[in-house]
Amino acid sequence: LSLFGLLARLAAVGLIDHDYYQTLARENRIKVINIPAKRGVIFDRFNQPLTGMGEAASHVLGLELVYDESLRGRPGSLLVETGADGSIIREIGRDEPQTGESLATTLDKGLQQKADALLAGRKGALIAGDPATGAILALVSGPGFDPNSVEKYLNDQNSPLFNRAVGGVYPPGSTFKIITAAAALEEGKINEDTLFKDTGIITVGAFSFANWYYTQYGKTEGEVGIVKAIARSNDIFF
């Protein structure tokens, strides 16, 4: 009875289910190997690669979120026949990967590194731009982080993953005086001969504002015109 059972099973495997097991065997010896695509390179304005530059460009390379698809390229594949031990017997077909597109930026790698060194890991941001074109030459947020070890910064109290250069909200300070001056000149409210007397403190309604020169040194600027007001960042004038 045992011998009969074995013979019956042998007949079933060899004859009845022959095609099924032959298909399994054929599929088992054919293997698809994925071929990763070479990623595109992000360059600065002088064709210097920005990737691999650590904390100095850790935040600015976040633009990969937008350009990741084109930078990534398209992976390829290799179809091979393998032996019972998994070794490759022969190559059947190949689909070559497509290298990702490179990306040129307006950044200056040297200036980016210099800005990072000046910030020295302190909380803050440093941005350098070309006033003629508006191009960003350097953009650093501090403290930075190692792009290869993001996980260890998730609970860091200094929030190094937060991009202070583009995500922070700060009062504009005296830089806004340029806008005030341009608006007043354009609207004809003042001209190059307009003078205001700096008395140290100016009162507007219920509020009083002191000029920095008066607050720090107890002195006033006297008669102030638009040129002197900008040069001295005079709070009373503006």
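Before reading on, note that the structure itself is shown above.
Fair warning: this is a prediction, and the values are worked out from it, not measured in the lab. Sequence order as written defines residue numbering, which begins from 1 separately in each chain. Where local features are concerned, this predicted model is filtered to residues with pLDDT of at least 70; where side-chain atom pairs are given and counted, the filter is 80 or more; whole-chain, interface and lining totals use all residues. In computing side-chain values, all of the structure's heavy atoms are included and hydrogens and water are not.

(A) Region of the structure containing the sheet that holds strand β1 (residues 30-35). Read from one edge of the open sheet, three strands run β1-β3-β4, paired in antiparallel fashion. Strands at the two margins of the open sheet, each flanked by one partner only, are β1 and β4 (88-95). Within this sheet the neighbouring strands show an average axis-to-axis angle of 25°, counted without direction. Relative to strand β3 (residues 76-82), β1 is paired through six bridges, and the arrangement is antiparallel. Bridging from a neighbouring strand, K31 pairs with V80 of β3. Two strands make a pair as long as DSSP finds a minimum of two bridges between them. Helix numbers and strand numbers start at the N terminus; a helix is a DSSP run of H or I with at least 4 residues, a strand a run of E with at least 2. To define axes, lines are fitted to C-alpha atoms, for helices over the stretch in contact only, and angles between the resulting N-to-C directions are given on a 0 to 180 degree scale.

(B) Structural detail: the packing of aromatic side chains. Note on aromatic pairs: the rings of Phe, Tyr and Trp (six-membered ring only in Trp) are paired at centre separations within 6.5 Å, and the planes decide the class, stacked below 30 degrees, edge-to-face beyond 60, tilted for the rest. Inspection of every chain in the model, using the stated rule, returns five aromatic pairs. Look at F145 and Y153: their rings are 6.1 Å apart centre to centre, the planes differ by 65°, and that puts the pair in the edge-to-face class. Each member of the aromatic cluster is reached from another via a ring pair, and the members are F196, F237 and F238. Above the plane of the ring of F46 lies R45, whose end atom (NZ or CZ) is 6.0 Å from the centre. Ring-over charges, as used throughout, are those where CZ of Arg or NZ of Lys falls within 6 Å of the ring centre and within 35 degrees of the ring normal. A cation sits over an aromatic face here: R232 above Y213, 4.9 Å from the ring centre.

(C) Quick peek at the pattern of salt bridges. Salt bridge criterion: a side-chain nitrogen from Lys or Arg within 4 Å of a carboxyl oxygen from Asp or Glu. In this structure the tally under the stated criterion is eight salt bridges. Residues R74 and D95 are paired through a salt bridge, measuring 3.1 Å at the closest nitrogen-oxygen approach. With a gap of 21 residues between them, R74 in the loop between α3 (64-72) and β3 and D95 in strand β4 connect regions that are remote in the sequence. Ionic pairing is found between R94 and E96, a salt bridge with its closest N-O pair at 3.7 Å. Relative accessibility thresholds used throughout: buried, under 20% of the residue-type maximum; exposed, over 50%; partly exposed, between the two (1.4 Å probe, protein chains only). Looking at E96, the relative accessible area reads 46%, which means it is partly exposed. Within the structure, one salt-bridge network assembled from shared partners comprises R39, D68 and R72.

(D) Region of the structure containing the layout of surface pockets. Using a 1 Å grid laid over the protein atoms alone, points where a 1.4 Å probe fits but cannot get out form a cavity; open sets with protein on both sides within 12 Å along at least 5 of 7 lines form a pocket; any residue with an atom within 4 Å of a point counts as lining. Grid points are joined across faces, edges and corners, and a volume is the space filled by probe spheres set on the points. Put simply, the largest pocket is a space of about 180 Å³. Lining the largest pocket are 13 residues, and of these T51, G52, L61, E64 and P147 sit closest to its centre. Gly is put with the polar residues, along with every residue not named as nonpolar or charged; the nonpolar set is Ala, Val, Leu, Ile, Met, Phe, Trp, Tyr, Cys and Pro, and the charged set is Asp, Glu, Lys and Arg. Here the residues of the lining of the largest pocket are counted per class, giving five nonpolar, six polar and two charged.

(E) Just a nonpolar patch on the surface, in detail. A cluster of nonpolar side chains, contributed by I202, V204, F207 and F209, occupies part of the molecular surface with about 390 Å² of accessible area. Elements with a contribution of two residues or more to the nonpolar patch: β9 (201-204) and β10 (207-210). For patch detection, residues must exceed 30% relative accessible area and be free of salt bridges, and they are connected within 9 Å for like charges or within 5 Å for nonpolar side chains (Val, Leu, Ile, Met, Phe, Trp, Tyr). Accessible surface area values rest on a Shrake-Rupley calculation with a 1.4 Å probe, where residue burial reflects the displayed protein chains alone.

(F) Main features of the nonpolar core. Within the largest apolar cluster, 12 residues are counted, these being I42, L50, M53, A56, A57, V60, L61, L71, L103, L107, L139 and A165. We call two residues contacting when some pair of their heavy atoms lies within 4.5 Å. When residues no more than four places from it in sequence are discounted, the contact partners of L103 are V41, I42, F43, L63, Y67 and L71. We call a set of buried residues a nonpolar core when its members are Ala, Val, Leu, Ile, Met, Phe, Trp, Tyr or Cys and they connect through side-chain atoms within 4.5 Å of each other. Grouped together as the second largest cluster of nonpolar side chains are seven residues, A181, A184, I190 and I226 included.

(G) Main features of the side chain of K177. Following the sequence through the fold, K177 ends up in helix α6 (residues 177-186). Apart from the residues within four sequence positions on either side, K177 is in contact with S233, N234, D235 and F238.

(H) Representation of the environment of S102 in the model. Positionally, S102 belongs in the loop between β4 and β5 (103-104). Separated by 50 residues in the primary sequence, S102 and G52 have C-alpha atoms spaced 15 Å apart. In contact with S102, not counting residues within four places along its chain, are G40, V41 and F43. Polar contact is the term for a pair of N or O atoms within 3.5 Å; when the atoms are in protein, one must be able to donate a hydrogen and the other to accept it, and sequence-neighboring residues count only if both atoms are side-chain atoms. Within the local environment of S102, its side chain forms a polar contact with the backbone nitrogen of V41, the two atoms lying 3.2 Å apart.

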